[in-house]
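Listed below are the residues making up each chain.
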Amino acid sequence: MPKMKKQFNRMKQLANQTVGRQVATHCVIERRMELVRVVSHNTHKRMVPCLQGHIGADAEKRHKKLPLTSLSQAMVEGGNQLGEESLIGKMMEVCGEAENRLASELMQHELQIEKDVLDPLSQLAEVDIPNILKQRKQLAKLVLDYDSARARSATKSIISGTNTQALTAKADLLKEEMDEAMNKVELCKDQLAADMYSFFSKEGDYARYFVTLLEAQADYHRKSLTLLESVLPTIQAQQDSWTEKPAFGTGLDEHLKRSGREIALPLEACVMMLLETGMKEEGLFRIAAGASKLKKLKAALDCSTSQLEEFYSDPHAVAGALKSYLRELPEPLMTHQLYDEWNQASSVSDPDKRLQALWVVCDKLPKNNKSNLRYLVKFLAKLALDSEVNKMNPSNIAIVLGPNLLWAKTEGSLAEMAAATSVHVVAIIEPIIQHADWFFPEDVDFNVSGMFAMPVPASNHNNHLDYDCGTIERKRPGSMMGPENDATRKDKKQHTSPAFQPPLPPVEAPGPGHGAGQLPQPPTEPQPQPQAPPPGGSGPDAGQHSLAQGLAALAAAQQLLAQHTEELR
């Protein structure tokens, strides 16, 4: 008997330890579940504001309420108001349609996020885990009921010593009640354990919600990027096809391609205005213009307006705009690539070979650069013909315009670059202007685009031009030159000098004033007759006299150079 009692106590002890371990395990699981519930709830709470649509609304209503949809509608309406003739209007309409497509993608993305992430997180945090925790509280209540029934049964067993029949029946009833409570506890405990184990067996599924979130975002951004990449080329093509873009600061090739022109608009417009009112203006290109007038003219040329009549009366503003256009080109008209070759050609000591070297470099210019340089040089040569009045001979023109035609590709301010390259540039530009018809034998129609024209003079007294810009018919500027000038211009086409042909290799047949095998001299028609050389009119003495003349001219131009450099600063 004592041995059986000892075994019974041992079994009771083991049972209590098992129950204790189960209780401890359940406590750990409960704490983890509660923590999962809290973080899931917080994540859901923070995720909801990230969605721009209304949670729970249908697709159509959600799409209408998106901010992107409102933006799209505003852009399309604005584009319609501005019309097709406005680039802003066209861009707003096209971009508004793209924004509407992006809104559709966003709406589909948010519907997916709501279905695959938000709803499951809400179910987990607000339903599944709370139900399991409620079951744990129910188990605790059933355990209390069982303990109460067991206590009552033990009390009745002590009293049952009287061995009465009524008390025995009462004890049986209490025992049945205790057994029923015990069964309820076991059932609830088993159900709770099953739910807890099921919860943690699905932890991988719950963690998948967050991976789904990132995958959905990646898919949405991929689709949005694909949409934008399909739309952007069309938008960019429309943007590039728009011809009304600023000319100042834009590369020459880009401007000519976009506008479909042969000669840059600012260059032709300024030349045409100067041909009308600026050829006799003293100090043209040297005297600075008013800043406000210059700014207004540049803005007018940038927007390609033809309303330029008000600027005809201010040739210095027109000349300043021309200089600004040349100066603001990303690359000089005579190119960075040929900068060293220009300098090398201007450093050749022999005058004939120097001109030949300059011709060779000039012939290497890109097509657009060469045609625009030819146009400008022909105009400058025409301007220099009136140098007795306007005081702008080829040397002075080269001093004030040269730094805007060619500069080194180095860092520094414009004034510093001008000071560093002005001497070399003058030696390059001056002979090109002096011998413009030799470098560029073909005639130039200054009204090359047909957009500009000169007015027919109402009277021709003393060669003054009296006209009304708004009423008098306009003709091309060549018609104003008169019969004598027209004849002179035709005569200039009849050049017979072999120098008009590519000068290398040297011409074998001797020309006037040349020995066999010598390079041809440039024609002398565009320039005044030089003074007679000192005794011994040829050979080294003539070269020294020519050098002395050049040094004197350079010294005379120093004041102009200093003044121009100060203007640039």
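Residues numbered from 1 in each chain as written. Predicted model: local features only at pLDDT ≥ 70, side-chain atom pairs only at ≥ 80, totals over all residues. Heavy atoms only, no water.

- Going by what an unreviewed UniProt entry lists, the protein is known as Rho GTPase-activating protein 17 and is assigned to Scophthalmus maximus.

## A short note on the overall build of the protein
Thinking step 1. Tallying secondary structure elements over the protein gives 19 helices and two strands in all.
Thinking step 2. Looking at the protein residue by residue over its 569 residues, the buried ones come to 38%.
Thinking step 3. The long-range fraction of contacts in the protein, counting pairs at least 24 apart against all pairs at least 6 apart in sequence, stands at 73%.
Thinking step 4. Total accessible area on the protein is roughly 32,400 Å²; 55% of this is exposed by carbon and sulfur atoms. (Helix = DSSP H or I, 4+ residues; strand = E, 2+ residues; numbered from the N terminus. Buried < 20%, exposed > 50% of the residue type's maximum accessible area, 1.4 Å probe, protein only. Contact = heavy atoms within 4.5 Å. Areas by Shrake-Rupley, 256 points an atom, 1.4 Å probe, with all protein chains shown as cover.)

## Looking at the nonpolar core
Thinking step 1. Ranked by internal contacts, the top residues of the largest apolar core, which has 75 residues, are F285, L308, M334, W342 and F379.
Thinking step 2. With residues up to four places along the chain from it excluded, the contact list for F379 reads V271, L274, L275, M279, F285 and F446.
Thinking step 3. Of all hydrophobic cores here, the second largest spans 28 residues; its members include I113, C188, F199 and F200. (Core = buried A, V, L, I, M, F, W, Y, C linked by side-chain atoms within 4.5 Å.)

## Remarks on the packing of aromatic side chains
Thinking step 1. Throughout the structure, instances matching the rule amount to five aromatic pairs.
Thinking step 2. Note on Y206 and Y209: the rings are 6.1 Å apart at their centroids and 50 degrees apart in plane angle, and the pair reads as tilted. In this pair, Y206 and Y209 are both assigned in helix 6 (residues 203–241), three residues apart and thus about one turn of the helix distant.
Thinking step 3. Classification of Y206 by relative accessible area gives buried; the value is 14%.
Thinking step 4. With a centroid separation of 5.5 Å and 75 degrees between ring planes, the pair formed by Y375 and F446 is classed as edge-to-face. Placement of the pair is Y375 in helix 13 (residues 367–384) and F446 in the loop between helix 17 (436–439) and strand 1 (454–455), with a sequence separation of 71 residues. Each of the two residues, Y375 as well as F446, counts as buried.
Thinking step 5. Linked through ring pairs, F199, Y206 and Y209 together constitute an aromatic cluster. (Phe/Tyr/Trp six-rings, centres within 6.5 Å; stacked < 30°, edge-to-face > 60°.)

## Focus: a nonpolar patch on the surface
Thinking step 1. A cluster of nonpolar residues, L35, V38 and V39, forms a patch on the protein surface that exposes about 240 Å² of accessible area.
Thinking step 2. The class for L35 is exposed, based on a relative accessible area of 56%. (Patch = residues over 30% accessible without salt bridge, like charges linked within 9 Å, V, L, I, M, F, W, Y side chains within 5 Å. Salt bridge = Lys/Arg side-chain N within 4 Å of Asp/Glu carboxyl O.)

## Here's the deal with the pattern of salt bridges
Thinking step 1. Within this structure, the stated rule accounts for 20 salt bridges.
Thinking step 2. Here E114 ties to R62 by a salt bridge, and the two come within 2.3 Å at their closest N and O atoms. Placement of the pair is E114 in helix 4 (residues 87–159) and R62 in helix 2 (residues 59–65), with a sequence separation of 52 residues.
Thinking step 3. Accessibility expressed as a relative area gives 10% for E114, which makes it buried.
Thinking step 4. Under the relative-accessibility criterion, R62 is labelled buried at 0%.
Thinking step 5. Of the charged contacts in the structure, one is a salt bridge between K184 and E180, with a shortest N-O distance of 4.0 Å. Here K184 and its partner E180 are both found in helix 5 (residues 165–201), four residues apart, which amounts to about one turn of the helix.
Thinking step 6. Residue classification places K184 among the partly exposed positions, given a relative accessible area of 42%.

## Notes on the side chain of H63
Thinking step 1. The residue H63 is located in helix 2 in this model.
Thinking step 2. On the basis of relative accessible area, H63 is assigned to the buried category, the value being 16%.
Thinking step 3. In this structure the side chain of H63 is engaged in a polar contact, spanning 3.2 Å, whose partner is the side chain of S104.
Thinking step 4. Those residues in contact with H63 that sit more than four places away from it in its chain are T69, N100, A103, S104 and M107. (Polar contact = N/O pair within 3.5 Å; in protein donor to acceptor, adjacent residues only side chain to side chain.)

## Considerations on the environment of A125
Thinking step 1. For A125, the position within the fold is in helix 4.
Thinking step 2. For the pair A125 and M33, spaced 92 residues apart in sequence, the C-alpha to C-alpha distance is 9.6 Å.
Thinking step 3. Residues contacting A125, with those up to four places away along its chain left out, are R37, S40, H41 and P130.

## A few points about the environment of Y375
Thinking step 1. Y375 gets classed as buried once you look at its relative accessible area, which sits at 2%.
Thinking step 2. Sequence separation of Y375 and V271 is 104 residues, and the distance between their C-alpha atoms is 9.2 Å.
Thinking step 3. Not counting residues within four places of it along the chain, the set of residues in contact with Y375 comprises I263, L267, E268, V271, M272, V444, D445, F446 and V448.

## Considering helix 8 (residues 265–277)
Thinking step 1. When the terminal C-alpha atoms of helix 8 are compared, their 18 Å separation across 13 residues agrees well with the 18 Å that a helix rising 1.5 Å per residue should span.
Thinking step 2. Of all the 13 residues making up helix 8, twelve are buried; the element is thus mostly covered by neighbouring parts of the structure.
Thinking step 3. Within helix 8, the full set of buried residues consists of L265, P266, L267, E268, A269, C270, V271, M272, M273, L274, L275 and E276. (Expected span 1.5 Å × (residues − 1).)

## Observations regarding helix 3 (residues 67–82)
Thinking step 1. With 16 residues, helix 3 should cover 22 Å at 1.5 Å per step; its first-to-last C-alpha distance of 23 Å lies within 8% of that length.
Thinking step 2. Taken together, the buried positions of helix 3 are occupied by L68, T69, S72, M75, G78 and G79.
Thinking step 3. Residue G83 follows helix 3 closely and has a positive phi angle near 90 degrees.

## What about the packing of helix 7 (residues 252–259) against helix 13?
Thinking step 1. Direction vectors running N to C along helix 7 and helix 13 enclose 85 degrees, while the axes themselves pass 10 Å from each other. Considering the angle they form, helix 7 stands roughly perpendicular to helix 13. Side by side, helix 7 and helix 13 meet where L252, D253 and L256 of the first sit next to N368, N369 and N372 of the second.
Thinking step 2. When its residues are assigned to classes, the contact of helix 7 with helix 13 shows two nonpolar, three polar and one charged. (Axes fitted to C-alpha atoms, helices over the stretch in contact; angles between N-to-C directions. Parallel < 35°, antiparallel > 145°, perpendicular 65-115°, else oblique. Nonpolar A, V, L, I, M, F, W, Y, C, P; charged D, E, K, R; others polar.)

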